[in-house]
Amino acid sequence: MKRTGILNADLCGALARLGHTDLVLVADCGMPIPAGVPVVDLALVHGIPRFEQVLDALTSEMVFQHCIAAEEAEGAPAGAWLAERFDGIEYISHEDLKALSASAKLFIRTGEATPYANAALVCGVSF
């Protein structure tokens, strides 16, 4: 039994399989899930779990070297949440982010119902 960190077994296993430069898409409950990408669906009801909570859990266990978000998030609540956690966010169109999500190694669906609360996180290394 784990003492700390992410307890969801499916999420723990999926995170353990990621490598340097792999892409993880953390998404609100409305983001289309691309075909063929493994999904860990954490959504329970609207707002649970929140996008911020999932980001905090992920960044406490993983190293991410880069964050990509939709231009529409910049200046919105979702953009502020990302700016608190990542330096130098790359902004692309929401349509481009949806297209990029097809190359993700993992899609994590949250219960977030705030527009544009989606981010592509690029895995880094701890050394």
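See the structure shown above.
Here is a short report on the structure shown in this document. (Residues numbered from 1 in each chain as written. Predicted model: local features only at pLDDT ≥ 70, side-chain atom pairs only at ≥ 80, totals over all residues. Heavy atoms only, no water.)

**Quick notes on the packing of aromatic side chains**
Consideration 1: Under the criterion given, the structure shown has one aromatic pair.
Consideration 2: Aromatic side chains F51 and W81 sit 6.2 Å apart centroid to centroid with 40° between the ring planes, which places their arrangement in the tilted category. Of this pair, F51 sits in helix 2 (residues 51–61) while W81 sits in helix 3 (residues 77–83), and the two are 30 residues apart along the sequence.
Consideration 3: A relative accessible area of 0% places F51 in the buried class. (Phe/Tyr/Trp six-rings, centres within 6.5 Å; stacked < 30°, edge-to-face > 60°. Helix = DSSP H or I, 4+ residues; strand = E, 2+ residues; numbered from the N terminus. Buried < 20%, exposed > 50% of the residue type's maximum accessible area, 1.4 Å probe, protein only.)

**Comments concerning the nonpolar core**
Consideration 1: L58, L82, L106 and L121 are the most contacted members of the largest nonpolar core, which totals 28 residues.
Consideration 2: Mapped by element, the contributors of at least two residues to this core are helix 1 (9–16), strand 1 (23–27), helix 2, strand 3 (64–70), helix 3, strand 5 (106–109) and strand 6 (119–123).
Consideration 3: With residues up to four places along the chain from it excluded, the contact list for L82 reads F51, L55, C67, A69, I89, N118 and A119.
Consideration 4: One finds M31, L97, A104 and A120 within the second-largest nonpolar core, a separate group that totals 13 residues. (Core = buried A, V, L, I, M, F, W, Y, C linked by side-chain atoms within 4.5 Å. Contact = heavy atoms within 4.5 Å.)

**Quick word on the sheet that holds strand 6**
Consideration 1: On the basis of which strands lie adjacent, the open sheet formed by six strands has the order 2-5-1-6-3-4 and mixed pairing. Looking at strand neighbours, the two that pair on one side only are strand 2 (39–41) and strand 4 (90–92), the edges of this open sheet. Here the strands of the sheet are splayed against their neighbours by 20° on average, with no regard to which way each runs.
Consideration 2: Direction of pairing for strand 2 relative to strand 5: parallel, over a ladder of three bridges. Bridge pairing in strand 5 links D41 to R109.
Consideration 3: Sitting on the sheet, helix 1 is in contact with strand 2 and strand 5, with an inclination near 150° to strand 5.
Consideration 4: With respect to the sheet, helix 2 is in contact with strand 1, strand 3, strand 5 and strand 6, its orientation differing from that of strand 1 by roughly 155°. (Pairing = 2+ DSSP bridges. Axes fitted to C-alpha atoms, helices over the stretch in contact; angles between N-to-C directions.)

By themselves these figures say nothing about function.
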